[in-house]
Amino acid sequence: MYLPEAFEYKMKTILGGEYDAYISCYDEPRYYGLRVNTKKITTEEFEKICPFEIKKIPWIENGYYYDGDKISPAKHPYYFAGLYYLQEPSAMTPANRLPVEPGDRVLDVCAAPGGKATELGAKLRGEGVLIANDISSSRAKGLLKNIEVFGIGNVLVLSEEPGKLTGYFKEYFDKILIDAPCSGEGMFRKDKKMVKAWEEHGPESFSKLQRSIIMQAADMLRPGGLLLYSTCTFDPLENEGTIGYLLDHHPEFEIEQILPYEGFDPGIPSAYENGRYAGLVDSVRIFPHKMRGEGHFITLLKKNGIKEEPSKAKAKRKGKKLPEELEQFVSMIDWSCIGGQFDSRRIDIHGERVYYMPEGLPDVSGIRFLRTGLLMGELKKNRFEPSQALAMCLDAGSYPNVVKIDVNDERIVRYLKGETIDVEDIVSPKAKGWYLFCVDKYPLGWGKLSNGQLKNKYLPGWRWQ
């Protein structure tokens, strides 16, 4: 494989005697991975029902390898049910090593297409808030879909310059993840097109952007909070250099140790200002000749200072009587799967659309949104039509009217293609109204039942192609 001479020289400097082992890994096949959505299913349950062969990724507790040359997990109903996300194994590491807890306020700065954001949101388990941002509105649309498929409702999906967010979220977040735009050296083996892109836009151009992003994120992190910075490149300027630049300007930050794994390599303190920050050794470098995954770099930092506890006060919006049709539908749902007891003060109605907002948000007017909170559905002529996003947040036990069909039943794929489904063998012919359609016990979407026929309400843009 062709590699630029300047890149080869740099890697020889970084790896020394290991360089030949690194180069030889280019002749090995790439690795494919999937990450289980632990908000919907445990890894033990998934292993029992998984329809294809998988093998544990040893440093990711909910990560698995699969043979991407033989199978296509994206063409299985469990994928449409949001039970897993397809992700390169090393790329699972950043969100895995950021210790998010339910109730945290979390920011994913460069979130599309959602590989990190979906894991962060799953860790929150419906409590707190995930703010997922990507400057590209087209990429943010894919991000939104992946978040909704995963059943994450306590979310704001934005498409803004990170610098604009600092005025709204000053020292607001408990945890921040920056999977920074980078020169992509760690992906050369996986995607040969990255080499040409590297020659056109090398580490120097990305370094300036990375330093800007991390400085902006520093202002949005609360004292006591954690920031995880990651790239998929090997270049010290983009890695240790970015962290060193942050520490130069924000001495209140310190590098934290990351949960270790035998294949992790340490950071290189000497790569920045002759070793000014010895703590850089606690960064992690992932090399493809040492682990079954591509190249990555991660650093976990803590912001020291006096930590003010967030206000426990309820949102300022006053409780109000909801439209009767909405009130009736809401009363049918067990809200424990959406993060706790229902609170009418968190309902926002804009025109026909009904949203359930996360708690404790600042005034965010003026920000470019793709989604604010959970889109619950729409009010139309004295009736409420529930949304696809709401269906994905539920489970089979949280709504009384459910159609469960075995994964091997041909009606599952027919439903995913948008067809009307005959369910006379499952429900009473007298039954009618909104039903949650499930593959096994995992929701796929809604259907309107009448005379044993389920009129398909699966979102057209998500349908099986």
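For the structure, see preceding data.
Residues numbered from 1 in each chain as written. Predicted model: local features only at pLDDT ≥ 70, side-chain atom pairs only at ≥ 80, totals over all residues. Heavy atoms only, no water.

Draft legend 1. Just the nonpolar core, in detail. Counting residues in each nonpolar core, the largest one holds 36 residues, and the members touching the most others are Leu34, Leu416, Val423, Phe437, Val439 and Leu444. At the level of elements, strand E1 (32-36), strand E3 (63-66), helix H4 (77-80), strand E19 (402-405), helix H14 (410-416), strand E21 (433-439) and strand E22 (442-450) are the ones that each hand at least two residues to this core. Residue contacts for Val423: discarding those within four places in its chain leaves Val403, Ile405, Arg411, Leu449, Gly452 and Leu454. (Core = buried A, V, L, I, M, F, W, Y, C linked by side-chain atoms within 4.5 Å. Buried < 20%, exposed > 50% of the residue type's maximum accessible area, 1.4 Å probe, protein only. Helix = DSSP H or I, 4+ residues; strand = E, 2+ residues; numbered from the N terminus. Contact = heavy atoms within 4.5 Å.)

Draft legend 2. Region of the structure containing the packing of aromatic side chains. Applying the stated criterion across every chain yields a total of 33 aromatic pairs. Pairing Phe7 with Trp198 gives two aromatic rings, centres 6.1 Å apart and planes at 75 degrees, and the pair type is edge-to-face. In this pair, Phe7 is assigned in helix H1 (residues 5-15) and Trp198 in helix H9 (residues 193-200), connecting sequence segments 191 residues apart. Pair check on accessibility: Phe7 and Trp198 agree, each one buried. Taking 6.3 Å as the distance between ring centres and 90 degrees as the angle between the ring planes, the aromatic pair formed by Phe52 and Tyr84 counts as edge-to-face. Of this pair, Phe52 sits in the loop between helix H3 (43-49) and strand E2 (55-56) while Tyr84 sits in strand E4 (residues 84-86), placing them 32 residues apart in sequence. Taking relative accessible area as the criterion, Tyr84 reaches 1% and is therefore assigned buried. Site record: aromatic cluster; members linked through ring pairs are Phe46, Phe52, Tyr64, Tyr79, Phe80, Tyr84 and Trp464. (Phe/Tyr/Trp six-rings, centres within 6.5 Å; stacked < 30°, edge-to-face > 60°.)

Draft legend 3. Here's a closer look at the sheet that holds E19. The strand order across the open sheet formed by five strands is E19-E21-E22-E23-E20, and the pairing between neighbours is mixed. Taken across any chain shown, the strands that pair with only one partner, and hence form the sheet edges, are E19 and strand E20 (421-422). In terms of strand pairing, E20 meets strand E23 (residues 453-456) through two bridges, oriented antiparallel. Its bridge partner being in E23, Asp422 is matched across the sheet by Gln453. (Pairing = 2+ DSSP bridges.)

Draft legend 4. Here's a closer look at the pairing of E23. Of the two faces of E23, the one lined by Leu454 and Asn456 is fully buried and the one lined by Gln453 and Lys455 carries no buried residue. By the bridge criterion, four bridges tie E22 to E23 in an arrangement that is antiparallel. When the bridges of E23 are listed, Lys448 appears paired with Lys455. Remark: two residues form the turn of the hairpin made by E22 and E23, two consecutive strands paired antiparallel; Asn451 in that turn has positive phi of roughly 55 degrees.

Draft legend 5. Looking closely at the state of the cysteines. Enumeration according to the criterion identifies zero disulfides in this entry. Here Cys110 stays free of any disulfide, with the sulfur of Cys182 as its closest cysteine sulfur at 10 Å. The exposure class of Cys110 is buried, given its relative accessible area of 14%. Note on Cys438: no disulfide assigned, nearest cysteine sulfur contributed by Cys337 at a separation of 11 Å. (Disulfide = S-S within 2.5 Å.)

Draft legend 6. Quick peek at the pairing of strand E18 (residues 383-386). Two elements, strand E17 (residues 374-380) and E18, share four bridges in a ladder whose sense is antiparallel. Note on E18: the bridge partner recorded for Gly377 is Pro386. Between E17 and E18, which pair antiparallel one after the other, the connecting turn spans two residues, and Lys381 there sits at a positive phi close to 45 degrees.

Scope: geometric values only; no functional claims are made or implied.
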